[in-house]
Amino acid sequence: MPKYVFVFRGAAVETSGMSPEEMQAHVRKWYAWADTLAARGFEPKGQPLDRRGRTIRGTDRVVTDGPYAETKDLVIGNMSLVAASLDEAVELAHGCPVLELGGSVEVRPTTDYDV
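We now turn to the structure provided with this report. (Residues numbered from 1 in each chain as written. Predicted model: local features only at pLDDT ≥ 70, side-chain atom pairs only at ≥ 80, totals over all residues. Heavy atoms only, no water.)

The next thing to look at is the nonpolar core. Within the largest apolar cluster, 17 residues are counted, with the highest numbers of intra-cluster contacts made by F6, F8, M79 and V105. Elements with a minimum of two residues in this core: β1 (3–9), α2 (20–39), β5 (75–82), α3 (86–93) and β6 (104–109). In this structure F8 touches W30, W33, L74, V75, I76, G77, N78, M79, C96, V98, S104 and V105, once residues within four positions along its chain are discounted. (Core = buried A, V, L, I, M, F, W, Y, C linked by side-chain atoms within 4.5 Å. Buried < 20%, exposed > 50% of the residue type's maximum accessible area, 1.4 Å probe, protein only. Helix = DSSP H or I, 4+ residues; strand = E, 2+ residues; numbered from the N terminus. Contact = heavy atoms within 4.5 Å.)

On to α3, then. Looking only at α3, the buried set comprises A89, L92 and A93. Each buried residue of α3 sits inside an arc of 100° when the element is viewed along its axis, so together they form one side. Away from its buried face, by an angle of more than 90 degrees, α3 presents the exposed residues D87 and E91. Against the buried residues of α3 lie β1, α2, β5 and β6. (Arc of directions from axis to C-beta.)

Okay, the sheet that holds β5 next. The 4 strands lie next to each other as β2-β5-β1-β6, forming an open sheet whose pairing is antiparallel. Looking at which strands have only one partner, the edges of the open sheet turn out to be β2 (45–48) and β6. The sheet shows a mean angle of 15° between the axes of neighbouring strands, taken without regard to direction. In this structure, β1 lies alongside β6, joined through 6 bridges in antiparallel fashion. In the strand pairing of β6, V7 is matched with E106. α2 rests against β1 and β5 of the sheet, and its axis sits at about 15° to β5. Here α3 sits on the sheet and contacts β1, β5 and β6; the angle it forms with β6, its principal contact strand, is near 160°. (Pairing = 2+ DSSP bridges. Axes fitted to C-alpha atoms, helices over the stretch in contact; angles between N-to-C directions.)

Right, here's the structure in full:
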């Protein structure tokens, strides 16, 4: 079956105002969603990203602190999974908890290159 990657963006600001209990409840939604995908055979694998990082840009390879972008565009994590088609992968992404906080899910097919 083809593989797809979900790129989760945004919602970082919205979570900063949550109480610890609200954050814990939200994290439980992520685990429940991933468990449902696994139980249905989609083999989800992924992890959240820390907010820290560095970016290397251009031919001069200039290093800057942080993955600074518009909050709505900040990549906060990813997940890979198998699905029968892009349409099926998009349908599966509809259950992602990041959408409840105004974030987005980019759904991308992967390619297999023989190297």
